[in-house]
Amino acid sequence: MSAVATGTPTRAAAGITLEHVTRRYGAGPGGRIAVDDLSLEIPAGQVCVLVGPSGCGKTTTLKMINRLIAPTSGRVLIDGVDAASRHLVDLRRSIGYVIQHVGLFPHLTVAENVATVPRLLGWSPARQRERTDELLALVGLDPAVDRDRYPARLSGGERQRVGVARALAADPPVLLMDEPFGAVDPIVRARLQDEFLRLQEGLARTIVFVTHDIDEAIKVGDCIAVLGVGGRLAQFGSPAEILAAPASDFVARFVGADRGLKRLSLRLVGDLDLRAASEVRPLPPMAPMLDRSTSLKDALSMLLDAGVQAGAVVDDAGAVTGLVTIDMIAASLRRSAEGAPDAG
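Not measured: the values here are computed from a predicted model. (Residues numbered from 1 in each chain as written. Predicted model: local features only at pLDDT ≥ 70, side-chain atom pairs only at ≥ 80, totals over all residues. Heavy atoms only, no water.)

### Things to note about the confidence of the model for the chain
And step 1. Summary statistics for the chain give a mean pLDDT of 86 and a share of 91% for residues scoring 70 or more.
And step 2. This model gives residues 1-9 a pLDDT under 50, and the stretch forms 25 contacts once residues within four places in sequence are excluded. (pLDDT = per-residue confidence, 0-100. Contact = heavy atoms within 4.5 Å.)

### Structural notes on unusual backbone geometry
And step 1. Its identity is not glycine, yet D37 carries a phi of approximately 50°, on the positive side.
And step 2. Along the polypeptide, D37 turns up in strand 2 (residues 32-42).
And step 3. For D37, a relative accessible area of 38% corresponds to the partly exposed category.
And step 4. One non-glycine residue, A204, adopts positive backbone phi at about 50°. (Helix = DSSP H or I, 4+ residues; strand = E, 2+ residues; numbered from the N terminus. Buried < 20%, exposed > 50% of the residue type's maximum accessible area, 1.4 Å probe, protein only.)

### Looking at the environment of K58
And step 1. Along the polypeptide, K58 turns up in helix 1 (residues 58-65).
And step 2. Considered as a pair, K58 and T211 are 153 residues apart in the sequence and their alpha carbons are 8.0 Å apart.

### Details of the sheet that holds strand 12 (residues 310-314)
And step 1. An order of 11-12-13 is seen for the 3 strands of this open sheet, with the pairing classed as mixed. Among the strands making up the open sheet, the edge pair consists of strand 11 (289-290) and strand 13 (320-325). (Pairing = 2+ DSSP bridges.)

### Quick look at the sheet that holds strand 10 (residues 233-237)
And step 1. Strand order in the open sheet formed by 6 strands is 6-7-8-3-9-10, with mixed pairing between adjacent strands. Edge strands, defined here as strands with exactly one partner in the open sheet, are strand 6 (95-99) and strand 10. Put simply, the sheet's adjacent strands are angled 15° from each other on average, direction ignored.
And step 2. Sheet analysis places strand 3 (residues 47-51) next to strand 9 (residues 223-227), joined by 4 bridges and oriented parallel. Across the sheet, V51 pairs through a bridge with V226, a residue of strand 9. (Axes fitted to C-alpha atoms, helices over the stretch in contact; angles between N-to-C directions.)

Structure (structure tokens):
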């Protein structure tokens, strides 16, 4: 999903507000509450991840945003407008939706799948084709090769890319993603996560992303809503806030005892005040070469795997610009826990 320039004008992202939203199934003692009095404020252009154990109401919450499920009480506002007041078809066509198993139409080609909503909106064939080819390139597929293929001939990762392209076809201000990368193997999943982040950097859609994987939530989310059993909000905040200060024992257990290491995934080598390369010479033969965009978690792993204390930080041309050490990473983690800025 490498981000490329898009010639199609984009609509501004829309903020989402959930006001005391509850979803109850059944009445009386046998009734069940799937989502309980949930209030959230999701800023426009951000990725909000809903995370929690199975049965905590993540997917139900997602479906209440586009009215696949109606709230029992409370309101969902999109760009300040009550979703319940909008025409249902218009609402759903304005919200992209990506699910775990993609849901591509098997009898339609890739291009026909991507153009589903533009076709329903009455776009001309030429405009449909232009938008389809633009989006296939945007998500890292070759329009000349892939547009006439059928879903059965695609890999799992390719089908996920087509699903994202289809969700973006009418340039929706809101994108809902329900475990979108859960059906692919870990290597492909990590690659899709990286490409999703690059794509979002260019498009800045408002995205509500459901996952049960806290590591995925930390990686892709600008903000995280941790839901507990019974559909109650346990904590809402940035990944750094939740890792540094879990609001309860439940949240602490859910994010894991290794949350200190998880915090390292939020900080980059380039965030450090790197030591000058001249301070440590010569570099150990096994010293890894790192760029400034390497996370401190990955940097620490590379240093430990190589059995060295220091690694070289290189620029795009491969020239050494500084050094990062295990001690520097450990000090950064301590400062992060204390809320202090990094320093070399």
